[in-house]
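Take a look at the letters that make up each chain.
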Amino acid sequence: MSKRIVVLGGGYVGLYTSLGLLRKLRAGEATVTVIDPRSYMTYQPFLPEASAGSLSPRHVVVPLRRVLKGAEIINAHVTKVDHARKVVTVEPLEGPSYEVPYDEVVVALGSKARTLPIPGLAEQGIGFKTVEEAIWLRNHVLRCLDLAASTQDAERRSRALTFTFVGGGYAGVEAIAELEDMARYALRYYPQVHPDELRFVLVEATGRILPEVGEDMGRYTLDELRQRGLDVLLETRLESCVDGHVVLSDGQRFDSDTVVWTAGVKASPVLANTDLPLDDKGRLVCDADLRVHGLADAWGAGDNAAVPDITNPGSFCSPSAQHAVRQATHLADNIVKSLRGKEIEPYRHKHVGSVASLGLHKGVAQVYGVKLRGWPAWFMHRTYHVSRVPTLNRKIRVIVDWTLALFFKREIVSLGEMAAPREEFHQAAGGGQ
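Residues numbered from 1 in each chain as written. Predicted model: local features only at pLDDT ≥ 70, side-chain atom pairs only at ≥ 80, totals over all residues. Heavy atoms only, no water.

1. Details of the packing of aromatic side chains
Counted according to the given criterion, the structure contains 8 aromatic pairs. Summarising the aromatic geometry, the rings of Y12 and Y43 are spaced 5.9 Å apart at their centres and angled 85° between planes, so their arrangement reads as edge-to-face. Placement of the pair is Y12 in helix α1 (residues 12-24) and Y43 in the loop between β3 (40-42) and α2 (47-52), with a sequence separation of 31 residues. Consider the rings of F163 and F200, whose centres lie 4.7 Å apart with planes at 25°: the pair is stacked. Of this pair, F163 sits in strand β12 (residues 162-166) while F200 sits in strand β13 (residues 199-203), and the two are 37 residues apart along the sequence. Counting every residue linked through ring pairs, the aromatic cluster contains Y12, Y43, F46 and W402. (Phe/Tyr/Trp six-rings, centres within 6.5 Å; stacked < 30°, edge-to-face > 60°. Helix = DSSP H or I, 4+ residues; strand = E, 2+ residues; numbered from the N terminus.)

Structure below.
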């Protein structure tokens, strides 16, 4: 009888594991069901470029139904996992909740932004984990330039041109670098705004940024950002941002229309509503072979899983796309081996290094001990990630976007009204009176 493999999550791990299973399973051996509220997977390393307009938003997402032919796709939120009964409770986009039974389950729910109870953050802040957030931020930055160029209120102008980013890891550094690069490029079309009026602030609670690329390359990145005029504040915390009034732990106070929170992630909170073993950080406890500890028919990988790093005893695999993609491929192999009664193997991958983009033609990289900066690092960043993005279709579309950018200028237009497309009709129909 065909077994049912249910994959919880359609991100890196969910997509690549499902793709591997569909390719390796024999006809009638098992079915694959993927459960995720979104109908697409987002390739997050390309979000900064999408936000800066270097890539089309449609080209940084991968449609699940198109890629995972032969799999059942359920667009719903996972709310509970009862492994004792082998059922998953899901809440569809509309309608009542229901249960999905399974024989094998892959927990790939990923991570959520790790926030703190900072006054005003929930109302004023925005994250940088989804394509929706990235595109909203692009539109918002350009709208702020529009506002500043058209107002005569000096305080309002200053508030609009102050952009605050909290968190000096990959997401924060790449986001602020790409958007600052885009904003300065856009100023050629805003003669009313002087470049010195732009203020980009990066707030980091520790004493360094980009710890993933090593201390010396982190210092280089810090110097590079400061030379570009960015205000990078180390050992500083955001204490409040009520109504856009930013208060920092070093005593600084200023108004900012933009507060972007990228200060870390945490495992999906849905895991707390399962009977699966979790560690003290709320992550799924997994063995090196990617099985959930103590269970033969439950598996985990990616950001929501604590997977031992056997190349570095005593530590766990870092929450990165590099590990997630490789774990997913290995996970698909192990599940197929398990179904066929073969011995499964531990996941082993030594971290090869890190690459980060700092804007157009700017970057930093440390790969296999080789340190690069500037254009070579930026080129390596693009080369590596285009090799990692799923499907030949998406690879070609991304390369075409980059190629066209060599011959044509950036598109600098805000489509912020897309967030409220009915507003004009609402006013025309008398709703605004």
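Next, the rest of the story.
2. Here's the deal with the sheet that holds strand β1 (residues 3-8)
Strand order in the open sheet formed by 5 strands is β5-β2-β1-β9-β21, and the pairing between neighbours is parallel. Each end of this open sheet is capped by a strand with a single partner; those strands are β5 (72-74) and β21 (298-300). Across this sheet, the average inter-strand angle for adjacent strands is 20°, counted without regard to direction. Note: β1 against strand β9 (residues 104-107), 4 bridges, orientation parallel. Across the sheet, L8 pairs through a bridge with V107, a residue of β9. Packed on one face of the sheet, α1 meets β1, β2 (30-35) and β9 and runs near 165° to β2. Where helix α9 (residues 321-339) meets the sheet, it contacts β1, β2, β9 and β21, and its direction lies at approximately 165° from that of β21. (Pairing = 2+ DSSP bridges. Axes fitted to C-alpha atoms, helices over the stretch in contact; angles between N-to-C directions. Contact = heavy atoms within 4.5 Å.)

3. What to know about the pattern of salt bridges
This structure, assessed with the given rule, holds 17 salt bridges. The partner of D82 in a salt bridge is R85, with the nearest N and O atoms 3.4 Å apart. Overall, the relative accessible area of 48% leaves R85 in the partly exposed class. Here the residues in one salt-bridge network are D82, R85 and E99, joined through shared partners. (Salt bridge = Lys/Arg side-chain N within 4 Å of Asp/Glu carboxyl O. Buried < 20%, exposed > 50% of the residue type's maximum accessible area, 1.4 Å probe, protein only.)

4. Comments concerning a positive patch on the surface
On the surface, R58, R66, K69 and R397 cluster together into a patch of positive charge. Locating K69 in the fold gives a position in the loop between α3 (64-67) and β5. (Patch = residues over 30% accessible without salt bridge, like charges linked within 9 Å, V, L, I, M, F, W, Y side chains within 5 Å. Areas by Shrake-Rupley, 256 points an atom, 1.4 Å probe, with all protein chains shown as cover. Lys, Arg positive; Asp, Glu negative; His and termini not counted. Charge placed at Lys NZ, Arg CZ, Asp CG, Glu CD.)

5. Some details on the sheet that holds strand β16 (residues 245-248)
Strand pairs in the sheet, formed through backbone hydrogen bonds, run parallel or antiparallel to each other. Pairing is antiparallel across the open sheet formed by 3 strands, whose spatial order is β15-β16-β17. Looking at which strands have only one partner, the edges of the open sheet turn out to be β15 (238-240) and β17 (253-255). Strand-to-strand twist of the sheet, defined as the mean angle between neighbouring strand axes without regard to direction, takes the value 35°. Note: β16 against β17, 3 bridges, orientation antiparallel. The residue bridging V247 from the neighbouring strand is R253, located in β17.

6. Remarks on the packing of α1 against α9
Between α1 and α9, the shortest axis-to-axis distance is 8 Å and the interhelical angle comes to 35°. Crossing angle aside, the handedness with which α1 passes α9 is right-handed. Seen from α1, the contacting residues are Y12, V13, Y16, T17, G20, L21 and K24; seen from α9, they are A321, A324, V325, A328, L331, A332, D333, I335 and V336. Taken together, the residues of the contact of α1 with α9 sort by class into 12 nonpolar, 2 polar and 2 charged. (Left-handed = near helix turned anticlockwise from the far one by under 90°. Nonpolar A, V, L, I, M, F, W, Y, C, P; charged D, E, K, R; others polar.)

7. Some words on the nonpolar core
With 116 residues, the main nonpolar core has L8, I35, L68 and F165 as its most contacted residues. With 11 residues, helix α5 (residues 131-150) is the single largest residue contributor to this core. The next biggest cluster of nonpolar side chains, apart from the first, holds 13 residues, and it includes V203, L233, F254 and W261. (Core = buried A, V, L, I, M, F, W, Y, C linked by side-chain atoms within 4.5 Å.)

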